[in-house]
Amino acid sequence: MSLPTNLSYTEEHEWIEDRGEVARIGITEHAASALGDIVFVQLPEVGDKIEAGQACGELESTKSVSDLFAPVTGEIVTINESVVDDPAVVNSDPYGEGWLIEVRVSETGATLTAQQYAELINE
């Protein structure tokens, strides 16, 4: 399982890509694999405020429904409409085209390095 080293991770299995003023957020390959085939994605709206550690969306798979936890506090600036239209992209490309939201960050929650996350999931 790949873990890009340029990303930060959370214990709730989200990843964060720092893009300056904005952070791009998605779920890890580990989470996507554990969920199984994702069939529905519910994301916050552009302009919504999210708070680190709080649920801000849902991913529904053939196995279960899982909350998306905000790894940062800030304002939603973009949602990835392509994953709303085709949730399977999250499974096929979780670190690329399967990203979920972009947030103008005011505060970052607790994060892990790729090495720390690998240890967490015992990779």
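Predicted model only: the values in this text are computed from it and were never measured.

Caption draft 1: Structural view of the pairing of strand β3 (residues 22-27). With six of six residues buried, β3 lies mostly within the body of the structure. Here β3 shows a buried face lined by V22, R24 and G26 and a second buried face lined by A23, I25 and I27. The sheet contact formed by strand β2 (residues 14-19) and β3 spans six bridges and is antiparallel. Note that in β3 the partner of D18 across the bridge is A23.

Caption draft 2: Highlighting the packing of aromatic side chains. With the rule as written, the count across this model stands at two aromatic pairs. Considering the side-chain rings of Y9 and Y117, the 5.0 Å spacing of their centres and the 15 degrees angle between planes classify their relative orientation as stacked. Placement of the pair is Y9 in strand β1 (residues 8-9) and Y117 in helix α4 (residues 114-120), with a sequence separation of 108 residues. A ring pair is formed by W15 and Y95, whose centres lie 6.2 Å apart and whose planes are at 50 degrees; its orientation type is tilted.

Caption draft 3: Up close: a negative patch on the surface. Together, E45, D48, E81, D85 and D86 give the surface a local cluster of negative charge. Its place among the elements puts D85 in helix α2 (residues 81-85).

Caption draft 4: Spatial organisation of the sheet that holds β1. Taken in spatial order, the six strands of this open sheet run β1-β2-β3-β9-β8-β5, and their pairing is antiparallel. Each of the sheet's edge strands pairs with one partner strand only, and the pair in question is β1 and β5 (49-50).

Caption draft 5: A look at the nonpolar core. Of all hydrophobic cores here, the largest spans 24 residues; its most connected members are I27, L59, L100 and I101. Breaking this core down by element, the ones donating at least two residues are β3, α1 (29-35), β4 (38-42), β6 (55-61), β8 (72-79), α3 (88-92) and β9 (101-108). Here L100 is in contact with I25, G26, I27, V41, L43, L59, L68, I79, N80, V83 and V90, once residues within four sequence places are set aside.

Caption draft 6: Local environment of the pairing of β6. Note that β4 and β6 share four bridges and pair antiparallel. Paired with F40 across the two strands is E60, which belongs to β6. Pairing between β6 and strand β7 (residues 65-69): five bridges, direction antiparallel. Looking at the pairing, A55 lines up with F69 of β7. Counting the residues that bridge the hairpin from β6 to β7 gives three residues.

Caption draft 7: Highlighting the UniProt feature "modified residue: N6-lipoyllysine" (unreviewed entry) in the protein. Sites flagged by UniProt as "modified residue: N6-lipoyllysine" (unreviewed entry) map to K63. Assignment of secondary structure puts K63 in the loop between β6 and β7.

Procedures and definitions
- Sequence order sets the numbering: in each chain, residues are counted from 1 along the sequence as written.
- Given that this is a predicted model, residues contribute local features only at a pLDDT of at least 70 and side-chain atom pairs are listed and counted only at 80 or more, while totals for whole chains, interfaces and linings are drawn from all residues.
- Working from all heavy atoms in the structure, the side-chain values ignore hydrogens and water.
- Residue burial is assigned from relative accessible area. The probe radius is 1.4 Å, only protein chains are included, and a residue is buried under 20% of its type maximum, exposed over 50%, and partly exposed in between.
- Think of it this way: any DSSP run of H or I at least four residues long counts as a helix, any run of E at least two long counts as a strand, and we number them from the N terminus.
- Pairs of strands are assigned from DSSP output, requiring at least two bridges between the strands.
- Only centres within 6.5 Å qualify two rings of Phe, Tyr or Trp (six-membered ring in Trp) as a pair; their planes then separate them into stacked at under 30 degrees, edge-to-face at over 60, and tilted for everything else.
- Patch construction takes residues with relative accessible area above 30% that form no salt bridge. Like charges are linked within 9 Å, and nonpolar side chains (Val, Leu, Ile, Met, Phe, Trp, Tyr) are linked within 5 Å.
- Only the protein chains shown count as cover for residues, and all accessible areas are computed by the Shrake-Rupley method using a 1.4 Å probe.
- Salt bridge, as used here, is a side-chain nitrogen of Lys or Arg placed within 4 Å of a carboxyl oxygen of Asp or Glu.
- The charge count includes Lys and Arg as positive and Asp and Glu as negative, but it does not include His or the ends of the chains.
- Each charge is placed at NZ for Lys, CZ for Arg, CG for Asp and CD for Glu.
- By nonpolar core we mean a set of buried residues, namely Ala, Val, Leu, Ile, Met, Phe, Trp, Tyr and Cys, connected to one another through side-chain atoms within 4.5 Å.
- When checking whether two residues touch, look at their non-hydrogen atoms; a contact exists if any pair is within 4.5 Å.
- UniProt positions are given in the numbering used here, feature names are shortened, and annotations may be inferred rather than shown by experiment.

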